[in-house]
Amino acid sequence: MSRLIKWEKEGAIGIITINSPATLNALNTQVLAQLDECIDEVEKEESIGVLILTGEGKAFVAGADIKEMLPLDAKQGEKLGANGSRIFRRLETLPMPVIAAINGFALGGGNELAMACDIRIASEKAKFGQPEVGLGITPGFAGTQRLPRLIGPAAAKELIYTGKIIGAQEAKELGLVNRVVAPEELMDVAKGLAEDILKNSWNAVALSKKAINDGLQLDIESAMDLEAKIFGECFLSPDQKEGMSAFVEKRSAKFNHSRRKA
Ligand code: DAK
């Protein structure tokens, strides 16, 4: 089977590349199945502390595969949507941060995939949009849910109702991406950001991710209770004693950099 998804490890950074450039990395059943398998492998690798997701060629992902979707009936469409959403949710809930390094088109399912990541770094060449209404469908991989949560309902509605494609700078102004960088710097910037994260306690970073993601789904009182519970959990990890001892002893902390529970 051809590798439509490649993944490699550079130190503690895992790099997943969507590798179907002839169709601009469009998400079809095979690409999604291989992404799902790849997440299984990454999950088992306890020495990976940050994951970077990028695309081969001129696209990050140009959306779900339109040619594959064309003949589907309602039931099949629902199944496709549910499967993609499940896989994106797996990425979103991985214990390590996931950085999307957006090299080119991030349209439809591609923008939705980027939004399932924790942080988005965009090349100046990247283009964003949810053009689904022009194809007679709604965004189906949680775009109607994650986009308004990320950039607010008014801006999300404008993008979804018009289906317009925007550049990286406009995406930055809307809060859709964290940073815009020169194309040749994209991977170095993403790796540099990953290294900055990796210096810290992986346990505390993973728990912060959980507190932010889960807390955003709750009312403020419940979210604060959740934060207090997660804060308490930090004291179960040797990282808390090491981080605080290092501060008191005026030295750098030496964390146990593995996702295995100590
Ligand atoms: N699907 C399939 N093939 C695609 C594709 C896509 N999304 N995007 C590009 N390709 C293919 C093109 O057909 C072409 O293949 P050949 O014709 O050469 O065989 C090849 O990639 C190169 O594309 P172009 O020749 O068009 O390249 P250009 O540079 O001229 O244009 C473009 C680049 C990105 C502007 C253009 O390709 C384009 O507009 N692509 C479609 C973008 C788009 O509309 N994306 C949204 C797809 S819809 C759901 C679940 C999920 C979804 C919906 C519902 N449920 C079932 C609930 C998600 C939907 C979407 O993502």
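Small disclaimer: the values here were computed from a predicted structure and weren't measured.

Conventions and cut-offs
Residues numbered from 1 in each chain as written. Predicted model: local features only at pLDDT ≥ 70, side-chain atom pairs only at ≥ 80, totals over all residues. Heavy atoms only, no water. 1 Å grid on protein atoms, 1.4 Å probe; cavity = no way out; pocket = protein on both sides within 12 Å on 5 of 7 lines; lining within 4 Å. Points joined across faces, edges and corners; volume = space filled by probe spheres on them. Helix = DSSP H or I, 4+ residues; strand = E, 2+ residues; numbered from the N terminus. Nonpolar A, V, L, I, M, F, W, Y, C, P; charged D, E, K, R; others polar. Axes fitted to C-alpha atoms, helices over the stretch in contact; angles between N-to-C directions. Parallel < 35°, antiparallel > 145°, perpendicular 65-115°, else oblique. Contact = heavy atoms within 4.5 Å. Pairing = 2+ DSSP bridges. Near = heavy atom within 4 Å. Polar contact = N/O pair within 3.5 Å; in protein donor to acceptor, adjacent residues only side chain to side chain. Areas by Shrake-Rupley, 256 points an atom, 1.4 Å probe, with all protein chains shown as cover. Buried < 20%, exposed > 50% of the residue type's maximum accessible area, 1.4 Å probe, protein only. Core = buried A, V, L, I, M, F, W, Y, C linked by side-chain atoms within 4.5 Å.

Asks: Whenever I open this one, the layout of surface pockets confuses me. Can you help?
Replies: Which parts of space are left empty comes out when a probe the size of a water molecule is rolled across the atoms. In this structure, the largest pocket encloses a volume near 600 Å³. Along its surface, the largest pocket is lined by 22 residues, and Glu-92, Asp-118, Ile-212, Asn-213 and Leu-216 are the ones closest to its centre. The set of elements that each furnish at least two residues to the lining of the largest pocket consists of helix H3 (74–92), strand E7 (119–123), helix H5 (143–151) and helix H9 (202–215). If one sorts the elements of the lining of the largest pocket by residue count, H9 sits on top with five residues. For the lining of the largest pocket, the per-class residue count stands at 11 nonpolar, four polar and seven charged. Taken as a whole, the second largest pocket encloses approximately 510 Å³ of empty space. Every residue lining the second largest pocket is counted, 25 residues in all, and those nearest its centre are Ala-64, Met-69, Glu-132, Ile-137 and Thr-138. Elements represented by at least two residues in the lining of the second largest pocket include exactly helix H2 (66–69), H3 and helix H4 (109–115). At five residues, H3 tops the list of elements feeding residues into the lining of the second largest pocket. Here the residues of the lining of the second largest pocket are counted per class, giving 14 nonpolar, seven polar and four charged.

Asks: Honestly, the packing of H9 against helix H10 (residues 220–234) in this entry has me stumped. Any pointers?
Replies: To characterise two packed helices, one gives the angle between the axes of the helices and the distance between these axes. Running from N to C, H9 and H10 cross one another at 170 degrees; their axes reach a closest spacing of 10 Å. The angle between H9 and H10 places the two elements in the roughly antiparallel class. Seen from H9, the contacting residues are Leu-207, Lys-210, Ala-211, Asp-214 and Gly-215; seen from H10, they are Ala-223, Leu-226, Ile-230, Glu-233 and Cys-234. Along the lines of polarity and charge, the residues of the contact of H9 with H10 split into six nonpolar, one polar and three charged.

Asks: Whenever I open this one, the environment of Ile-5 confuses me. Can you help?
Replies: Locating Ile-5 in the fold gives a position in strand E1 (residues 5–10). Spatially, the C-alpha atom of Ile-5 lies 39 Å from that of Ile-220, the residues being 215 residues apart in sequence.

Asks: It is not clear to me how the sheet that holds strand E2 (residues 13–18) should be interpreted in this structure. Could you clarify?
Replies: What holds strands together in a sheet is hydrogen bonding between their backbones, with the strands either parallel or antiparallel. The strand order across the open sheet formed by six strands is E1-E2-E3-E5-E7-E10, and the pairing between neighbours is mixed. Every interior strand has two partners, whereas the edge strands, E1 and strand E10 (179–181), have only one. For this sheet, the mean inter-axis angle between neighbouring strands, taken without regard to orientation, is 20 degrees.

Asks: Hey, could you run me through the site of the ligand in this one?
Replies: Among the 25 residues in the neighbourhood of the ligand, the closest are listed as Lys-58, Ala-62, Ala-64, Gly-77 and Gly-109. The separation between an oxygen atom of the ligand and a polar side-chain atom of Lys-58 is 2.6 Å. Taking Lys-67, its side chain carries an N or O atom lying 3.1 Å from an oxygen atom of the ligand. Protein contact buries 65% of the 1,100 Å² of open area that the ligand shows by itself. Among the elements of the structure, H2, H3 and strand E6 (105–107) are those that each provide at least two residues to the shell around the ligand.

Asks: What should I look at first to understand unusual backbone geometry in this one?
Replies: Most peptide bonds take the trans form, and the phi angle of most residues other than glycine is negative. With phi around 60 degrees, Asn-25 is a residue other than glycine that occupies positive phi space. Mapped onto the elements, Asn-25 comes out in the loop between E2 and helix H1 (29–44). Phi is positive for Ala-142, close to 75 degrees, though the residue is something other than glycine. With respect to the element layout, Ala-142 can be found in the loop between strand E8 (127–129) and H5. By relative accessible area, Ala-142 is classed as partly exposed at 23%.

Asks: I'm lost on the sheet that holds E8 in this one. Help?
Replies: Pairing is mixed across the open sheet formed by four strands, whose spatial order is E4-E6-E8-E9. A single partner strand is all that each edge strand has here, and the edge strands are strand E4 (59–61) and strand E9 (166–167). Direction of pairing for E4 relative to E6: parallel, over a ladder of two bridges. Paired with Val-61 across the two strands is Ala-106, which belongs to E6.

Asks: How should I be thinking about the nonpolar core in this particular structure?
Replies: For soluble globular proteins, nonpolar side chains are generally found buried alongside one another. Core analysis: the largest hydrophobic core is formed by 46 residues, its most contacted members being Leu-53, Phe-60, Ile-102, Leu-113 and Phe-128. It is H1 that contributes the most residues to this core, six residues altogether. For Leu-53, the residues in contact, after removing those within four places along its chain, are Ile-16, Ile-18, Phe-60, Leu-91, Val-98, Ile-99, Ala-100, Ala-101, Leu-113 and Cys-117. The next biggest cluster of nonpolar side chains, apart from the first, holds 19 residues, and it includes Ile-121, Val-181, Leu-186 and Ile-197.

Interpretation in functional terms is not warranted from these geometric data alone.
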